[in-house]
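# Survey of secondary and tertiary structure
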Amino acid sequence: MMSERYLNAGVLIALLIVPIWAHLADAPYTITLATRVAILALAAVGLNIALGLGGLVSLGHAVFFGIGGYAMGVLAHHAQTYTALDLGIFTVDGTKSMPIIWLVAVGTSAVAAVIIGALSLRTSGVYFIMITLAFGQMFYYFAISWSTYGGEDGLSIYLRNDFPGLNTLIPIQFFAICFAVLSLVLLLQAGVSRSAFGLALNAARQAPTRVEAVGLNPKRLQFVAFILSATITGLAGALFADLNRFVSPSMFSWQFSGEIMVFVILGGVGRLCGPVVGAAVFVLLEHVLGGLTEFWHIYLGLILLIIVQFARGGIVGLLATDRGQHG
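Residues numbered from 1 in each chain as written. Predicted model: local features only at pLDDT ≥ 70, side-chain atom pairs only at ≥ 80, totals over all residues. Heavy atoms only, no water.

## Some words on empty space enclosed by the protein
Rolled over the atoms, a probe sized like a water molecule indicates the empty space that remains. Counted only if it meets this: For each structure, a 1 Å grid was placed over the protein atoms alone; sets of points admitting a 1.4 Å probe that cannot get out are labelled cavities, open sets with protein on both sides within 12 Å along at least five of seven lines are labelled pockets, and lining residues have an atom within 4 Å of a point. Grid points are joined across faces, edges and corners, and a volume is the space filled by probe spheres set on the points. Secondary structure elements are taken from DSSP: a helix is a run of H or I of four residues or more, a strand is a run of E of two residues or more, and numbering for both begins at the N terminus. Any residue outside Ala, Val, Leu, Ile, Met, Phe, Trp, Tyr, Cys, Pro, Asp, Glu, Lys and Arg is labelled polar, Gly included; the first ten of those are nonpolar and the last four are charged.
Inspection of every chain in the model, using the stated rule, returns one cavity of 30 Å³ or more. Estimates place the volume of the largest cavity at around 30 Å³. Ser58, Gly60, His61, Val63, Phe64, Ile116, Thr132, Phe135 and Phe226 are the residues that line the largest cavity. Counting residues per element, the ones that place at least two in the lining of the largest cavity are helix 3 (62-80) and helix 5 (126-145). Among the residues forming the lining of the largest cavity, the class breakdown is five nonpolar, four polar and no charged.

Rendered as structure tokens:
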């Protein structure tokens, strides 16, 4: 066992070394798996801010993942078909630029989070869980009925979008983009958790009555955390759609919301690199056991059961010597 700080560094170094080795060994599929880990971990980092710091158990975070994915899909679709997106009062040209797509994904996710959060945070506990789940189902069925962009069949993008100075069709270069984004977001989370806002949010999660007594509004703190969480998950959705060059209603499904939560619980709720470890374990099990049996989720369930019963801090909490500290 080691200090959590060194463990976090080791996790990120391992995630970086594997695709570099795969690139040298000419194993592009392994690079794709590492890229998938980085993107899913990014989505889970978003949920970890809401869940680990804010105590918000959301079963609808796939909403923001799907919004990010469809932001990419819609813009790239109009760019590849040379048509404009009609928004009623004005039209917008499509684009293949990743930075622009990311801005749109983050912006639309933030707007959705303001609306969903304003309604959901009027409740708490199981009612909050059910409302977020309901929003997820609403977006899922809307995407199925959205025939303009493929409906139930989804929407394919011919080529991966562009990033200045890089060839995103080369697997190792696209991984580098995803890893850099993940690293920056982890730095953001670390800064937030140590900031005055993060400390107040953590206090609101543990003792909301005491937070109110000193003049702070716990719901307002959670609302801000919910929006920040949504924007990060939306960005992950845009990257995931670019990885697959495909978007579909399944990105909104409640099953995927559950998977994101599984990543966080496996790695460790509130732990900085918990989502990275959880996503890596999930992808590894999916790759190794998925080729042996279609019922590989049984083994995932057993591991999750052991973690919940005997390692409440997740895998990171189990391996770290400073188990009482996060980050």
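## Observations regarding the packing of aromatic side chains
As a reminder, the rule being used: For Phe, Tyr and Trp, rings pair up if their centres lie within 6.5 Å, where Trp contributes its six-membered ring, and each pair is then called stacked (planes under 30 degrees apart), edge-to-face (over 60) or tilted (otherwise). When accessible area is computed with a 1.4 Å probe and restricted to protein chains, residues below 20% of their type maximum are described as buried, those above 50% as exposed, and intermediate ones as partly exposed.
Scanning the entire structure with this criterion turns up 14 aromatic pairs. An angle of 35° between the planes, with centres 4.4 Å apart, marks the rings of Phe65 and Phe256 as tilted. Of this pair, Phe65 sits in helix 3 while Phe256 sits in helix 10 (residues 254-267), and the two are 191 residues apart along the sequence. Residue class for Phe65 comes out buried when judged on its relative accessible area of 1%. Measuring from ring centre to ring centre gives 5.6 Å for Tyr70 and Phe252, while their planes differ by 25°; the resulting arrangement is stacked. Taken together, the positions of Tyr70 in helix 3 and Phe252 in the loop between strand 4 (246-247) and helix 10 put the pair 182 residues apart, joining distant regions of the chain. By the burial criterion, Tyr70 is buried, and Phe252 matches it.

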